[in-house]
Amino acid sequence: MSEYDDEVDFSNIHLKVGEDDEDALLPVERRAAITQFRVFARLRPFISEELETIGKAELQSTIEMKGESTFPLNPANGWKPSKEFVFDRSLWSIPQEQELKPTPYFQDVKHESCVGQKEMYDIATKDETGVSMVDNAFMAINSCVLTYGQTSSGKTYTMMGNYGEGADPEHRGIIPRVCDELFAKVAERREFEAKKDDPKKRWELDVSVTFVEIYLEKVRDLLDPDLKHRAQKHAVRANVGTREAGDMQ
């Protein structure tokens, strides 16, 4: 048992600009105590290509959600649910304007709201007190967001969203929003550090990024689109060892 098990204060665990530097890094035991692993299921909205294909026919989803449960439906069997999967949260993201035909087995389910991109970002990257994965980065705590699913299931929509020139900022995904929050807090911290009288006590903040694609066990650097460094190969490595919480880096 850790001495922190009954003493973790989730309301004041992240470093704010102006706090003492020695509060920036939490003891290893406490970092382990706030570690979480959460799994969500998300049903994305219909995309324009699907709506064009469907035309004037009624929209119907092969997935239904109720509470924390997600149900695949079988159209060949009267839209009967074939299985039930329970997650930390099941997130319905089909807007009301994409009106769906009710399914026989879920007549009582009313989706009066949907999880948009901003709410998805808050759910995926923040804990119940509002501490985000960016806040964790300033405490030297690693964070990771993974999306998993078949082709066209909405992974890119959730992580990147609609972006680029002319795109609605409200439709940005998790990665652009993380960048916004990260650089805003970096700028805030740099402004605070510049006011310190002793330059030796000033924090230096650097941001680096890697953007790679792993396909058929080959790693491609997506920030090198012309493959100028084709000869430089990235090794795919797996750490199959285990470490105790006290060995976290």
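For the structure given in this document, a descriptive report is provided here.

The rules behind the values
Residues numbered from 1 in each chain as written. Predicted model: local features only at pLDDT ≥ 70, side-chain atom pairs only at ≥ 80, totals over all residues. Heavy atoms only, no water. Phe/Tyr/Trp six-rings, centres within 6.5 Å; stacked < 30°, edge-to-face > 60°. Helix = DSSP H or I, 4+ residues; strand = E, 2+ residues; numbered from the N terminus. Lys NZ or Arg CZ within 6 Å of the ring centre and 35° of its normal. Pairing = 2+ DSSP bridges. Core = buried A, V, L, I, M, F, W, Y, C linked by side-chain atoms within 4.5 Å. Buried < 20%, exposed > 50% of the residue type's maximum accessible area, 1.4 Å probe, protein only. Contact = heavy atoms within 4.5 Å. 1 Å grid on protein atoms, 1.4 Å probe; cavity = no way out; pocket = protein on both sides within 12 Å on 5 of 7 lines; lining within 4 Å. Points joined across faces, edges and corners; volume = space filled by probe spheres on them. Lys, Arg positive; Asp, Glu negative; His and termini not counted. Salt bridge = Lys/Arg side-chain N within 4 Å of Asp/Glu carboxyl O. Polar contact = N/O pair within 3.5 Å; in protein donor to acceptor, adjacent residues only side chain to side chain.

Take the packing of aromatic side chains next. Under the counting rule described, the total for this entry stands at 1 aromatic pair. Between phenylalanine 71 and phenylalanine 106, the aromatic rings sit 5.0 Å apart at their centres with planes inclined by 55°, giving tilted as the arrangement. Of this pair, phenylalanine 71 sits in strand S3 (residues 69–74) while phenylalanine 106 sits in the loop between strand S6 (89–92) and helix H3 (117–125), and the two are 35 residues apart along the sequence. Looking at arginine 189, its charged tip hangs above the ring of tryptophan 203, at a distance of 4.3 Å from the centre.

Of the strand pairs in this sheet, strand S2 (residues 63–66) and S3 are connected by 4 bridges, and their pairing is antiparallel. The residue of S3 that forms the bridge with glutamate 64 is phenylalanine 71. The turn linking S2 back onto S3 is made up of 2 residues, and glycine 67 within it adopts a positive phi angle of 65°.

Next up on the list: the nonpolar core. Among the nonpolar cores identified, the biggest contains 14 residues, and Leu91, Val115, Met120, Phe138, Ile174 and Val178 are the most heavily contacted of them. Those elements that provide at least two residues to this core are H3, helix H4 (133–137) and helix H6 (174–194). The element best represented in this core is H3, accounting for 4 residues. If near-sequence neighbours (up to four positions away) are discounted, valine 115 is found in contact with Arg42, Leu91, Trp92, Ser93, Met120 and Ile123. Membership of the second largest hydrophobic core comes to 7 residues, among which are Leu43, Leu59, Trp92 and Ile94.

We now examine the layout of surface pockets. Estimated volume of the second largest pocket: approximately 1600 Å³. As for the second largest pocket, its lining consists of 38 residues, of which Ser143, Ile175, Val178, Val209 and Thr210 are closest to the centre. Of all the secondary-structure elements, those providing two or more residues to the lining of the second largest pocket are H4, H6 and strand S7 (212–215). Counting residues per element, the lining of the second largest pocket draws most heavily on H6, at 8 residues.

Among the secondary structure elements, arginine 42 is positioned in strand S1 (residues 40–43). One buried charged residue, arginine 42, remains without a salt bridge, the closest side chain of opposite sign being glutamate 119 at 8.3 Å. A distance of 2.8 Å separates a polar atom in the side chain of arginine 42 from a polar atom in the side chain of serine 93. Separated by 3.2 Å, the side chain of arginine 42 and the backbone oxygen of valine 115 make a polar contact. Setting aside its immediate chain neighbours within four residues, arginine 42 contacts Met65, Leu91, Ser93, Val115, Gly116, Gln117, Met120, Tyr157 and Thr158.

For the rest of this paragraph, the subject is the side chain of threonine 125. Residue placement: threonine 125 occurs in helix H3. Here the side chain of threonine 125 touches tyrosine 121 through a polar contact of 2.7 Å, landing on its backbone oxygen. The contact partners of threonine 125, leaving out residues within four places of it in the chain, are Arg38, Val131, Ser132, Met133 and Ile174.

Oppositely charged side chains can form a pair if their charged atoms are brought close together. Applying the stated criterion across every chain yields a total of 9 salt bridges. Two residues, lysine 185 and glutamate 181, come together in a salt bridge whose shortest N-O distance is 2.9 Å. Of this pair, lysine 185 and glutamate 181 both sit in helix H6, 4 residues apart, which is roughly one turn of that helix. A single network of salt bridges, built from pairs that share partners, joins Lys118, Asp122 and Lys126.

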